[in-house]
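# What the coordinates show
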Amino acid sequence: MKARLVQDGIFTLVEDITQTMDPPAHGFYWIDADVEDLVILQPLFHLHELAVEDCLTEEEQRPKIELYDTNYFIVVNSIRFDDEEIFLRALNIFLGRHYIITVTRQKINELRALKPILWEEEVTTSDRFLYHLIDLVVDNYTNVGDRIEAKIEKLEEDILMHTKKTHLNEIIGLRSEILWLKKVLVPQKEVIATLHKKELRLISEQLKKYFGDIYENAVKISETFDTFRDLMGNLREAYQSSVANRANEIMRVFTALTTIFMPLTFITGIYGMNFENIPGMHWEYGDITVLLFMVVVGLSMFFLFRKKDWL
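Every value quoted in this text rests on a predicted model; they were computed, and no experiment measured them.

Within the chain, the secondary structure is distributed over 7 helices and 7 strands. The secondary structure elements of the chain, listed N-terminal to C-terminal, are β-β-β-α-α-β-β-β-β-α-α-α-α-α. Expressed as a percentage of its 311 residues, the buried residues of the chain come to 41%. Within the chain, contacts between residues separated by at least 24 positions form 64% of all contacts whose residues are at least 6 apart in sequence. Accessible surface for the chain amounts to roughly 18100 Å². Of this, 55% is attributable to carbon and sulfur atoms.

Right under this line is the structure:
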């Protein structure tokens, strides 16, 4: 657990956690904690027992906002995409008048990326800290959306160029993750809408407009993932169509080869019969002549099929 006094974007470490109970003359306290630290923080800041229980028992939480007398409990999900799988990390936030507590189970990139922004913007209030943090979380969804779109385009190109059985597993897996993310985006969008539209005493009126901008971005992201869901359906149809076309191509080749060998088989069948009066049977060059005739027939049919694009 790390406690910092934030004044105009400048961080000062606080050694004694009890010091954070009293409002500073200027700025606010940011306490970056693990879930185990809630045992200490709960009595100090009068954190609601239900909110603490959620942090301790639920590793994957549904985004939500709960309003209590002295603070707000907010849950948002950070996203990470490693090209193979999408991961969500619950970010639990307790917002007070002079403090903000972030509680996580794993390291979250947005918290590390937040520090230079706080310094550049000279942030000095906890609600503005919250705004920049949620803004980073939503922007990261946009970045992940761009990477998913690039992966869909590459997958589509691979399917059209050379279809593989593994492509179907990729389509099913990616579509499942997109649908899963879509379910997360809906409640997360509602949380941001609450921060934008509802009268909240811990959120300044000026910041409500900024949360409105984040809400618009969240709506766009949600619509983008709706588009991804449709694209994955189209991609599956393209895969099935490609597999069917490939099967048709193979059958066409086999059919053409069978047709080419039919007259050759007919000729060999005739000359394989035990008759004395077959033409050329006792001729010195009869075997060579028949073989050459078979080659000419086979090549003629082959080039005929190529000309008609049947082979």
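Together, Lys2, Lys107, Arg112 and Lys115 line one region of the surface with positive charge. With respect to the helices, strands and loops of the structure, Lys2 is situated in strand 1 (residues 2-7). Judged by relative accessible area, which is 49%, Lys2 ranks as partly exposed.

Our focus in this paragraph is a nonpolar patch on the surface. Taken together, the side chains of Met251, Val253, Phe254, Leu257 and Phe261 present a nonpolar region at the surface, about 480 Å² in accessible area. Tracing the backbone shows Phe254 in helix 6 (residues 205-271). Given a relative accessible area of 49%, Phe254 falls into the partly exposed group.

Enumeration over the complete set of coordinates arrives at 8 aromatic pairs. For the ring pair Tyr131 and Phe211, a centre distance of 5.8 Å and an interplane angle of 90° mean the geometry is edge-to-face. Of this pair, Tyr131 sits in helix 4 (residues 126-161) while Phe211 sits in helix 6, and the two are 80 residues apart along the sequence. Across the pair, Phe211 and Tyr131 agree in class, each one buried. The structure contains a cluster of three or more aromatic residues connected by ring pairs, namely Phe11, Phe28, Trp30 and Phe129. A cation sits over an aromatic face here: Arg4 above Trp30, 4.7 Å from the ring centre.

What follows covers the nonpolar core. Judged by nonpolar contacts, the single largest core of 56 residues is most densely connected at Ile74, Phe129, Leu130, Tyr141, Ile148, Leu195 and Phe211. Every element with two or more residues in this core is listed here: strand 3 (28-34), strand 5 (72-81), strand 6 (86-95), helix 3 (109-121), helix 4, helix 5 (165-197) and helix 6. Counting residues per element, this core draws most heavily on helix 4, at 14 residues. With sequence-adjacent residues up to four places away left out, Ile74 is seen in contact with Lys64, Ile65, Leu91, Asn92, Ile93, Leu130, Val191 and Leu195. Residues Phe94, Tyr99, Ile101 and Val103 belong to the second largest nonpolar core, which totals 23 residues.

To continue, consider empty space enclosed by the protein. A complete count under the given rule lists 1 cavity of 30 Å³ or more for this structure. Taken as a whole, the largest cavity spans an internal volume of roughly 40 Å³. Considering the residues around the largest cavity, the lining is formed by Val138, Tyr141, Leu185, Gln188, Lys189, Ile192, Ala218 and Ile221. Contributions of two or more residues to the lining of the largest cavity are made by helix 4, helix 5 and helix 6. Take the lining of the largest cavity: its biggest share by element is 4 residues, from helix 5. Considering only residue class, the lining of the largest cavity consists of 6 nonpolar, 1 polar and 1 charged.

To continue, consider the layout of surface pockets. Reported here for the largest pocket is a volume of approximately 350 Å³. It is strand 3 that contributes the most residues to the lining of the largest pocket, 4 residues altogether. For the lining of the largest pocket, a count of residues per class yields 5 nonpolar, 2 polar and 8 charged.

As a further point, take the packing of helix 3 against helix 4. Helix 4 packs onto helix 3 with a crossing angle of 130° between their chain directions and a minimal axis gap of 10 Å. Viewed along their axes, helix 3 and helix 4 adopt a mutual orientation that is oblique. You can see that helix 3 and helix 4 cross each other, and the crossing is right-handed. Touching Glu110, Leu111, Ala113, Leu114, Ile117, Leu118 and Glu121 of helix 3 are Phe129, His132, Leu133, Leu136, Val137 and Asn140, all from helix 4. For the contact of helix 3 with helix 4, the class distribution of residues is 9 nonpolar, 2 polar and 2 charged.

Cut-offs used in this document
- Residues numbered from 1 in each chain as written.
- Predicted model: local features only at pLDDT ≥ 70, side-chain atom pairs only at ≥ 80, totals over all residues.
- Heavy atoms only, no water.
- Helix = DSSP H or I, 4+ residues; strand = E, 2+ residues; numbered from the N terminus.
- Buried < 20%, exposed > 50% of the residue type's maximum accessible area, 1.4 Å probe, protein only.
- Contact = heavy atoms within 4.5 Å.
- Areas by Shrake-Rupley, 256 points an atom, 1.4 Å probe, with all protein chains shown as cover.
- Patch = residues over 30% accessible without salt bridge, like charges linked within 9 Å, V, L, I, M, F, W, Y side chains within 5 Å.
- Salt bridge = Lys/Arg side-chain N within 4 Å of Asp/Glu carboxyl O.
- Lys, Arg positive; Asp, Glu negative; His and termini not counted.
- Charge placed at Lys NZ, Arg CZ, Asp CG, Glu CD.
- Phe/Tyr/Trp six-rings, centres within 6.5 Å; stacked < 30°, edge-to-face > 60°.
- Lys NZ or Arg CZ within 6 Å of the ring centre and 35° of its normal.
- Core = buried A, V, L, I, M, F, W, Y, C linked by side-chain atoms within 4.5 Å.
- 1 Å grid on protein atoms, 1.4 Å probe; cavity = no way out; pocket = protein on both sides within 12 Å on 5 of 7 lines; lining within 4 Å.
- Points joined across faces, edges and corners; volume = space filled by probe spheres on them.
- Nonpolar A, V, L, I, M, F, W, Y, C, P; charged D, E, K, R; others polar.
- Axes fitted to C-alpha atoms, helices over the stretch in contact; angles between N-to-C directions.
- Parallel < 35°, antiparallel > 145°, perpendicular 65-115°, else oblique.
- Left-handed = near helix turned anticlockwise from the far one by under 90°.

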